[in-house]
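The primary structure of each chain is shown beneath.
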Amino acid sequence: MDVEPSPLIVTPVRDWSELPLDALSTIFMKLGTIEILMGAGLVCRSWLQAAKSPELWRFVDMTHHKMVFSTKGSRDTLCAMAIVAIDRSDGQMESFSAQLFVTSELLDYIVSRANSLKSVHLTNCCFLWTHKLGRFACKCPLLEEIELSHQKMLPELIRHIGSGHPKLKHLRISLPSIYLNGVHSEYDESWEHMKNEEAFAIAESLHELRFLRMEGRFLSNDGVYAIIKGCPRLEFLNMTKCSDVVLNNKLRACCAKIKHVLFPKRYRSLVHGSSCPLVTS
């Protein structure tokens, strides 16, 4: 006797476009800026509406994405995407991070639209003019944290930033070390001064600094002494890959009041007064 097969149970299909906007916004916050602009925000009308919520664009991060490094990610395309993110923030953007593609024109646009900007991180951005960087920093009144890594820095730019933001608390100007395998092991007095120019400018201009990262920059002990003296509120100092910094008793004593001090990898012992070990560079 044939047995009739049981009817198939049909699972109801979920219409993801009907998710509440607050739920979609919570999900989108787990995504990156580029993922929203190129993917989630293009699925349907309701997802696009959720992707336009200003709350999503308070922290814009356009770094470490394959689009930034691919041939499809042209400078103009990425700048256009950044402009969309800035517009959607509706003046609420607090942090902007970007890599490689940022231009002086984009900085001008950020200044015109992002009155709440507190933090900016720019890495390997070779299309920027020094005077534009200085003007940008001075026109962002709430700016507390600046990163200008893997690009040329000038003492004049640091002083310009200091004149506009004397109470700046975070500065990072890291660069891979150029002092490898004994290169530039001998200096005359003029070179000794030149390699500490950035440090002297920081000491002269940014007395309220709390966090300073100078990985791989031109720096020796004289520059470190100047920074410590000129920035008495310093709590964190990173000097990894600064090959001309020599940990001696004088430098150890000067660093004793700083909570966290990171030296090149050849120094692995703890600095008195520091709660973290000296890390490798």
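Reading guide: rules and limits
- Residues numbered from 1 in each chain as written.
- Predicted model: local features only at pLDDT ≥ 70, side-chain atom pairs only at ≥ 80, totals over all residues.
- Heavy atoms only, no water.
- Helix = DSSP H or I, 4+ residues; strand = E, 2+ residues; numbered from the N terminus.
- Buried < 20%, exposed > 50% of the residue type's maximum accessible area, 1.4 Å probe, protein only.
- Contact = heavy atoms within 4.5 Å.
- Polar contact = N/O pair within 3.5 Å; in protein donor to acceptor, adjacent residues only side chain to side chain.
- Axes fitted to C-alpha atoms, helices over the stretch in contact; angles between N-to-C directions.
- Parallel < 35°, antiparallel > 145°, perpendicular 65-115°, else oblique.
- Arc of directions from axis to C-beta.
- 1 Å grid on protein atoms, 1.4 Å probe; cavity = no way out; pocket = protein on both sides within 12 Å on 5 of 7 lines; lining within 4 Å.
- Points joined across faces, edges and corners; volume = space filled by probe spheres on them.
- Nonpolar A, V, L, I, M, F, W, Y, C, P; charged D, E, K, R; others polar.
- Core = buried A, V, L, I, M, F, W, Y, C linked by side-chain atoms within 4.5 Å.
- Pairing = 2+ DSSP bridges.

A.B. asks: Sorry, what's going on with the environment of Ser205 here?
C.D. replies: With respect to the helices and strands, Ser205 occurs in helix α10 (residues 197-205). Assessed through its relative accessible area of 11%, Ser205 is described here as buried. Ser205 sits 50 residues away from Pro155 along the chain, and the two C-alpha atoms are 10.0 Å apart. Apart from the residues within four sequence positions on either side, Ser205 is in contact with Ile158, Arg159, Gly162 and Pro166. Within the structure, Ser205 has its side chain in polar contact with the backbone oxygen of Ala201 (distance 3.0 Å).

A.B. asks: Can you help me understand the packing of helix α5 (residues 75-89) against helix α6 (residues 104-113) in this one?
C.D. replies: Helix-helix packing is described using two parameters, namely the angle between the two axes and the distance between the axes. Running from N to C, α5 and α6 point in directions that differ by 5 degrees, and their axes come no closer than 10 Å. Looking at the two axes, α5 sits roughly parallel to α6. Across the interface between the two elements, Cys79, Ala82, Ile83, Ile86 and Asp87 from α5 touch Leu106, Tyr109, Ile110 and Arg113 from α6.

A.B. asks: I keep staring at helix α8 (residues 155-164) and nothing clicks. Help me out?
C.D. replies: Because the α-helix completes a turn every 3.6 residues, residues three or four places apart line up on one side. Within the sequence span of α8, burial applies to Pro155, Leu157, Ile158, Ile161 and Gly162. Along the axis of α8, the buried residues cluster in a sector spanning 160 degrees; they form a single face. Exposed side of α8, more than 90 degrees from the buried face: Glu156 and Ser163 are the residues found there. On its buried face, α8 sits against α7 (130-138), β4 (145-149) and α10.

A.B. asks: Just checking my understanding: could you explain empty space enclosed by the protein for this structure?
C.D. replies: To find leftover empty space, a probe the size of one water molecule is rolled over the atoms. Under the definition given, this model contains 1 cavity of 30 Å³ or more. Here the largest cavity is characterised by a volume of approximately 40 Å³. Taken together, Val120, Leu133, Phe136, Ala137, Leu143, Ile146, Leu148 and Ile161 make up the lining of the largest cavity. Tallied by class, the residues present in the lining of the largest cavity amount to 8 nonpolar, no polar and no charged.

A.B. asks: Explain the nonpolar core here, please?
C.D. replies: The tendency in soluble globular proteins is for nonpolar side chains to be buried side by side. Counting residues in hydrophobic clusters, the biggest one holds 74 residues, and the most contacted among them are Phe96, Val102, Ile110, Leu122 and Ile202. Per-element tally for this core: the top contributor is α5, with 6 residues. Contact partners of Ile202, with chain neighbours within four places excluded, come to Ile158, Leu171, Ile173, Leu209, Leu212, Met214 and Cys231.

A.B. asks: So what exactly am I meant to see when it comes to the sheet that holds β4 here?
C.D. replies: In sheet architecture, strand pairing relies on hydrogen bonds along the backbone and comes in two forms, parallel and antiparallel. An order of β1-β2-β3-β4-β5-β6-β7-β8 is seen for the 8 strands of this open sheet, with the pairing classed as parallel. Edge strands, defined here as strands with exactly one partner in the open sheet, are β1 (59-62) and β8 (260-262). Mean inter-strand twist for the sheet, computed between neighbouring axes without regard to direction, equals 5 degrees. Bridge count for strand β2 (residues 95-99) against strand β3 (residues 119-123) is 5 bridges, and the pairing is parallel. Residue Ser95 lies in a different strand from β3, and its bridge partner there is Ser119.

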